[in-house]
Amino acid sequence: MMAESMIIKGGIVYDPLNGVKGEKTDIMIKDGVIVSEVPSDAKEVDASGKIVAPGGVEMHAHVAGPKVNAGRTLLPGDFRRYYVPKTDSLRALVGYAVPTNYTTGVKYTELGFTTVFEPAMAPLDARHTFEELEDMPNADKAVFPVFGNNWFVFDCVKDNDIEKLKAFIAWMMTETKGYGIKIVNPCGAYMWAHHHSNVTSVDDVVPEYDVTPRQVLRGLAQANEELGLPHTIHVHANMLGRVGNVSTTLDTLKCVEDIKPHPSREQVIHLTHLQFNCFGEDENHRICSGAEDLAEYINSHPQVSADLGQVIVDVPTCTMTSDGPAEFFIHKALGPKAKWINGDVEAECGGGIVPITYRSNNPFNAIQWAIGIETCLLVKDPWRVVITTDHPNGGPAWYYPRVISWLMSKKARDKMIETVHKSVQDKTSLVNLEREYTWEEILICTRAGPAKLLGLKSKGHLGEGAHADVAIYPIDPEKVDMANQPEEIEKKLWADMVIKDGKFLVKNGKTITTERGRTYLINQYYKDEEHKRMLKDLKEHFQKWYSITFNNYRIQDVFAPRPQTVSINPIS
Amino acid sequence: MVEVYKDVVCTFCGCLCDDIEIHVEDNKIVKAVNSCAISRAKFLGHESNGERQVLIDGKEASLDEAIKKAAEILVNAENPLIYGLASTSNEAIRKSMELAEKVGAKIDNTSSVCHAPTLLATQFVGDPKCTLGVIKNRADLIIFWGCNPTQAHPRHFERYSSNVKGYFTQNGREDKKVVFIDVRETRSTSKGDLFLKIEPGRDFELMLALRALLRGKKLQKDVVAGVKVEDLEKIIDMCKNAKFGVIFFGLGLTMSRGKYLNIECAISFTRELNNHTSFLIIPMRGHYNVTGANSVMTWISGYGYAVDYSRGYPRYSPGEFSAVDALAEYCDAALIIASDPVAHFPKNAVKRMGDMPVVLIDPKPNCTSIVANVYIPSLSVGIETEGTAYRMDGVPLYTRKVVNGPDGVLSDEEILERIMEEVDKLQR
Ligand code: SF4
Ligand SMILES: [Zn+2]
């Protein structure tokens, strides 16, 4: 189907980036982008009484790669929880918490999301990750290779050779078609793979390299800001899942407080799935919420952004991270019946997978559930907090409508609080929070905000020149009082119509066709002399510590058939 | 003129060695450097594969005819099966899955007769593993159980395990302890520091004994499965005192009595060892891309093998949708891709294959050609065409093309694409 000119008429438009707050206005589309004028024969789309918003931007969801696939292996029953036979226009849909890539693509589209980022790729596994992404239709995508336990990074950091580190980062992005720097439990995954231990603070030392998480975080943040990659460092902090870890998380954020952001932005660090790293410790050394401390820090530090990693209770799902020791810890905590996959990758990173069902009647899990929305309600600036479930770690992304209902409606929260363990009432501040998110704020947290944080100029808004990615929801904000009818939010946040690049993908709430999405990637080495200097050491490094040859590392262009190169802007 | 291709990936066994140097003269491979004997035979001998002539019912035919006929067979069958896949590229496997969905076929790969028990066990308990480079750099205790790398994975020792030097193992073999557990002496077993000869079919018992000892239990016997308990105690000591141990296991464990129970027990033993030290476990996968076959099938259907699309969505049932069972019981047509079930399957399955229409796509004619109604020769992946394959530890590599295939011969991927086009026409 060719992209046609169209005019979306009569909808209630929210375009927070351009200051449009629920106004009745028309959106015009031509050649796949938003324009200010269309030919007179442009197709009219009636959106009256409906919310018209930019396509959603998922900044952190585990949707492709060996970890995700191993999660599928551990959850064979997941593919009987949801299945739809193939039709003339669609392939079969199967799987729920860790669905097939095809299903994932279709579900995201039906949620109104048109961009999905895979946030944790072992660089050595890049080919596999891209093969799976290729089988995920519709969404534009990108991946974050992991750096926080990479031996070459350790070498650069130890020598305080930021120029070499910059050259290495640019090289790695280019060879593996990456987009941003992911850091997972810096130094901790290394300690797990090689010393059967972990780090417990940002100042623990890796014996062989004599470096600390603090140095790794600072080095990568500085290199990232000087290189001008589109996004800040994207950090899964140390001590994930441990009682009291909010202090480590604050230490992590403080580590990079004095790093100067790239001129294109204010942020230097993105704290991902904050819920898992926001546990306080009460006087009996039991878990309580750390949300107030974390939110206070975020509120007073514009250089920080975060996403929720909201937990969904009583839904079987699967944890999967590049954090080997954390997954071992979860597996031990869940008892001998818990399945456990470990997945260390030579000279680069670790990983683990453990299926889990967070229980509403479990005091620990109930507090986890509260922490996500509690923090979201306490953070004042919606541009710096993004709604995620760390899909599928906290729960499947298909629960976003429910998460949004908790944020928009105190009534919905209170009802939920009644059903979960009462620990939530004593150990979090959730019951006392009156705030209810507005539509504008929700649409910031799900598209305008993440697009801005990711440095995606053509996404998350409906200004002229933006990609014509539009989600239309069957909600009339003037007629429905969301705070009092939260069930409506849950039902109607599945899009009625979705347009991507000017083409209809969803009509009447049903996917009608699928398309191949773009891949955003960096394809640019750093300064020639630094690149060459770095490469000399790197080739030797490969020869010694890898099990594949240097020449077979770079992934071929066939793995990203619709590339969209994003340039980096080094400051000199 | 001799052209030299460096860092070529060997598409023979699950080691997927990627450091092969291939010399080509006049479109002929004349030399293979770094290859093991099997690899050398594969590269140098690849042209003696037999004539690559398209055949329908044993008679020469055109590719177009064969593709049409293959599509007809699949569309007209009630219960078609697609089988093989372990010796082709991921790209071809993806296409096979699409085709299976289109025609409502069963689809299975060769792991159902080798490492399927490993998958089953993983579904039960998980699978603590790592890439082979981690073993190279770190492992100081390596246990080979029911496998014979010297003959089946000849370069495993030198590249990944016992003999290679790594970050924490800079002296190579000297820094490591190597143990073999097998039912007989092999060319591998003499290379270990310790060899435990175990009575056939009693691996499970031995594994249970090891788990009991690890938990500090005293055994009531002096000998278990033919092995002295003091030797088992020695192994437990070695395991606990290792900095980083690994178990590599092969068909001796997956295909002997107990099957997936053996593997579940081995994985559980490995998990429990992690209460003491780092310990991981890795299957020795045979065909060069059997790991890819499981992986691709999983991300497309949710399941690694034994999948049925007859209801328009994937269902999984090993023992029912697995090729041996489906062929022996109720399939009425088969498309075989890069495999030779007639040479390896039980009699009843082979016998039924003789009575049903069979399509074979393979670079070379094999025993299955004898029963095949349609034979479509294809290009050899990693020699005449490129494509993705996964090493036994899941590391993805891109295989190369070093010579041109014969005129008019297509890759598996292209052939499957063409069959799908024909299927679409027939189904319209
Ligand atoms: S060990 Fe296997 S992959 Fe390596 S060269 Fe020999 S046959 Fe090829
Ligand atoms: Zn995550």
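Residues numbered from 1 in each chain as written. Chains lettered and ligands numbered in written order. Predicted model: local features only at pLDDT ≥ 70, side-chain atom pairs only at ≥ 80, totals over all residues. Heavy atoms only, no water.

What follows deals with a nonpolar patch on the surface. All names here are of chain B. Together, Phe124, Phe204, Leu208, Tyr260 and Leu261 make up an exposed nonpolar region whose accessible area comes to about 410 Å². Elements with a contribution of two residues or more to the nonpolar patch: helix 8 (203-214) and helix 11 (260-273). Looking at the element boundaries, Phe124 is found in helix 4 (residues 116-125). (Patch = residues over 30% accessible without salt bridge, like charges linked within 9 Å, V, L, I, M, F, W, Y side chains within 5 Å. Areas by Shrake-Rupley, 256 points an atom, 1.4 Å probe, with all protein chains shown as cover. Salt bridge = Lys/Arg side-chain N within 4 Å of Asp/Glu carboxyl O. Helix = DSSP H or I, 4+ residues; strand = E, 2+ residues; numbered from the N terminus.)

On to unusual backbone geometry, then. Backbone torsion omega between His391 of chain A and Pro392 of chain A reads -5°, so that peptide bond is classified as cis. Relative to the helices and strands, Pro392 of chain A resides in the loop between strand 22 (385-386) and helix 13 (400-408). Positive phi is not limited to glycine here, since Cys187 of chain A has a value of about 70°. Checked against the element boundaries, Cys187 of chain A lands in the loop between strand 13 (182-184) and helix 7 (188-195). Classification of Cys187 of chain A as buried rests on a relative accessible area of 0%. Of note, Asn27 of chain B is a non-glycine position whose phi angle comes to about 60°, a positive value. (Buried < 20%, exposed > 50% of the residue type's maximum accessible area, 1.4 Å probe, protein only.)

Attention now moves to the environment of Pro66 of chain A. Residue and element names in this part refer to chain A. Among the structural elements, Pro66 can be located in helix 1 (residues 66-74). In this structure Pro66 comes out as partly exposed when scored by relative accessible area, which is 25%. Among residues more than four places away in sequence, those in contact with Pro66 are Asp125, His128 and Thr129. (Contact = heavy atoms within 4.5 Å.)

All names here are of chain A. The coordination sphere of the zinc ion (ligand 2), as far as protein atoms go, consists of His60 (NE2), His62 (NE2) and Asp390 (OD), spread over 2.0 to 2.1 Å. Taken in chain order, the donor set of the zinc ion (ligand 2) reads H-x1-H-x327-D. Within this pair, whereas His60 is found in the loop between strand 8 (56-58) and helix 1, its partner Asp390 is found in the loop between strand 22 and helix 13, the two being separated by 330 residues in sequence. Residue Asp390 is classed as buried on the basis of its relative accessible area, which comes to 1%. (Donors = N, O, S within 2.8 Å, 3.2 Å for Na, K, Ca; no water.)

Quick look at the packing of aromatic side chains now. All names here are of chain A. Tallied over the full model, the rule gives 42 aromatic pairs over all chains. Consider the rings of Phe113 and Tyr400, whose centres lie 5.6 Å apart with planes at 55°: the pair is tilted. In this pair, Phe113 sits in strand 11 (residues 113-121) while Tyr400 sits in helix 13, placing the two residues 287 residues apart along the sequence. For the pair shown, Phe113 and Tyr400 are each scored as buried. (Phe/Tyr/Trp six-rings, centres within 6.5 Å; stacked < 30°, edge-to-face > 60°.)

Once that is clear, we can look at the interface of chain A and chain B. Contacts between the two partners involve 58 residues from chain A and, on the opposite side, 60 residues from chain B. Carbon and sulfur atoms make up 53% of the surface buried where chain A meets chain B, a total of about 4,900 Å² over both sides. On the surface where chain A and chain B come into contact, there are four salt bridges. The partner of Glu131 of chain A in a salt bridge is Arg94 of chain B, with the nearest N and O atoms 3.9 Å apart. Linking chain A with chain B are 35 residue pairs in polar contact (both at pLDDT 80 or more), by the criterion used here. When residues of the side of chain A that touches chain B are traced back to their parent elements, those giving at least two are helix 1, helix 2 (78-81), strand 9 (83-84), helix 4 (126-134), helix 7, helix 11 (324-334), strand 20 (340-344) and helix 18 (528-545) of chain A. Its residues placed into classes, the side of chain A that touches chain B shows 25 nonpolar, 17 polar and 16 charged. (Buried area = accessible area lost by both parts, 1.4 Å probe. Polar contact = N/O pair within 3.5 Å; in protein donor to acceptor, adjacent residues only side chain to side chain. Nonpolar A, V, L, I, M, F, W, Y, C, P; charged D, E, K, R; others polar.)

Turning to the confidence of the model for chain B, a few remarks are in order. Across chain B, pLDDT averages 96, with 100% of residues at or above 70. With pTM at 0.98, the complex prediction returns an ipTM value of 0.97. (pLDDT = per-residue confidence, 0-100.)

Sheet analysis places strand 2 (residues 20-25) of chain B next to strand 3 (residues 28-33) of chain B, joined by five bridges and oriented antiparallel. Residue pairing across strands places Val24 of chain B opposite Ile29 of chain B, the latter belonging to strand 3 of chain B. (Pairing = 2+ DSSP bridges.)

Time to look at the sheet that holds strand 14 (residues 233-236) of chain A. All names here are of chain A. Taking strand neighbours across the sheet as the criterion, the five strands line up as 13-14-15-18-22 in an open arrangement whose pairing is parallel. Only two strands of the sheet have a single partner each, and these edge strands are strand 13 and strand 22. Here strand 13 runs beside strand 14; their pairing, made up of three bridges, is parallel. By the bridge assignment for strand 14, Ile183 is matched with Val235.

Taken together, Cys10, Phe12, Cys13, Cys15, Leu16, Cys17, Cys36, Ser39, Pro154 and Arg155 of chain B make up the full set of residues adjacent to ligand 1. A per-class count over the shell around ligand 1 returns eight nonpolar, one polar and one charged. (Near = heavy atom within 4 Å.)

Let us now look at the domain arrangement of chain B. All names here are of chain B. Partitioning chain B into structural domains gives domain 1 (52-114 + 288-397 + 406-427) and domain 2 (116-283). The straight-line distance from the C-alpha centre of domain 1 to that of domain 2 is 34 Å. The junction of domain 1 with domain 2 conceals about 1,100 Å² of combined surface from both sides, 62% of it contributed by carbon and sulfur atoms. Our count for the contact surface shared by domain 1 and domain 2 stands at zero salt bridges. If you look at where domain 1 meets domain 2, you find four residue pairs in polar contact (both at pLDDT 80 or more). Here the side of domain 1 that touches domain 2 is composed, by residue class, of seven nonpolar, four polar and two charged. (Domains from an automatic or database assignment.)

Now for the domain arrangement of chain A. It is common to give the size of an interface as the accessible area lost on bringing the parts into contact. Residues and elements named next belong to chain A. Segmentation of chain A into domains returns domain 1 (1-116 + 466-519) and domain 2 (117-454). One C-alpha centre belongs to domain 1, the other to domain 2, and the line joining them spans 25 Å. With 70 residues of domain 1 in contact, the opposing surface of domain 2 contributes 72 residues. The contact between domain 1 and domain 2 buries some 6,100 Å² in all, and 65% of this surface belongs to carbon and sulfur atoms. Taken together, the links from domain 1 to domain 2 amount to five salt bridges. Residue Glu490 is joined to Arg402 by a salt bridge in which the shortest nitrogen-to-oxygen separation is 3.0 Å. The interface formed by domain 1 and domain 2 includes 35 residue pairs in polar contact (both at pLDDT 80 or more). For the side of domain 1 that touches domain 2, the per-class residue count stands at 38 nonpolar, 20 polar and 12 charged.

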